[in-house]
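The residues making up each chain are set out below.
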Amino acid sequence: MVMDYEAAIPGSNTFGLNGFHLTGDLGAHYFSRGADEQFVAGVIAGFTYTLHLSINANISGPGGLDSYQGSMSGVFNWTFPGSAAVPEAVNTAGLMVLSLAGLAMLRGKRARD
């Protein structure tokens, strides 16, 4: 699994908006503000993964917080390269048995001819 991301803060006053945290079944990762990077993790088809994405904000100021305003946006694009279905071992074994049986039948037919 690949996640491309961009964490952007418009303007120059970030006053504590620091990035995003990803936690869950794939471990933990920190996406810093102003970054345009990639997070890569191995996943297995058929399994369910739980991820938590939260903002890392640490805002403080003199006289309270009522005069502060800000925003931070994150764009997260998830892709699963090479996510073609992988056959299960039972199916693979069955196909091999059928193939060998077919070859044996073909060989027997040629021997009779």
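Before going into details, it helps to say that this report is about the structure given with it. What you see is a predicted model, and the numbers here were worked out from it, not measured in a lab. (Residues numbered from 1 in each chain as written. Predicted model: local features only at pLDDT ≥ 70, side-chain atom pairs only at ≥ 80, totals over all residues. Heavy atoms only, no water.)

Details of the sheet that holds strand β6 (residues 73-79)
Part 1: With antiparallel pairing, three strands are arranged side by side in an open sheet as β4-β1-β6. Of all the strands in the sheet, the pair left with one neighbour each is β4 (36-40) and β6. With strand direction ignored, the average angle separating the axes of adjacent strands in the sheet is 20°.
Part 2: The pairing of strand β1 (residues 2-8) with β4 spans five bridges and is antiparallel. Note that in β4 the partner of D4 across the bridge is Q38. (Pairing = 2+ DSSP bridges. Helix = DSSP H or I, 4+ residues; strand = E, 2+ residues; numbered from the N terminus. Axes fitted to C-alpha atoms, helices over the stretch in contact; angles between N-to-C directions.)

What to know about a negative patch on the surface
Part 1: On the surface, D4, E6, D36 and E37 cluster together into a negatively charged patch.
Part 2: Among the secondary structure elements, those contributing two or more residues to the negative patch are β1 and β4.
Part 3: For D4, a relative accessible area of 31% corresponds to the partly exposed category. (Patch = residues over 30% accessible without salt bridge, like charges linked within 9 Å, V, L, I, M, F, W, Y side chains within 5 Å. Areas by Shrake-Rupley, 256 points an atom, 1.4 Å probe, with all protein chains shown as cover. Salt bridge = Lys/Arg side-chain N within 4 Å of Asp/Glu carboxyl O. Lys, Arg positive; Asp, Glu negative; His and termini not counted. Charge placed at Lys NZ, Arg CZ, Asp CG, Glu CD. Buried < 20%, exposed > 50% of the residue type's maximum accessible area, 1.4 Å probe, protein only.)

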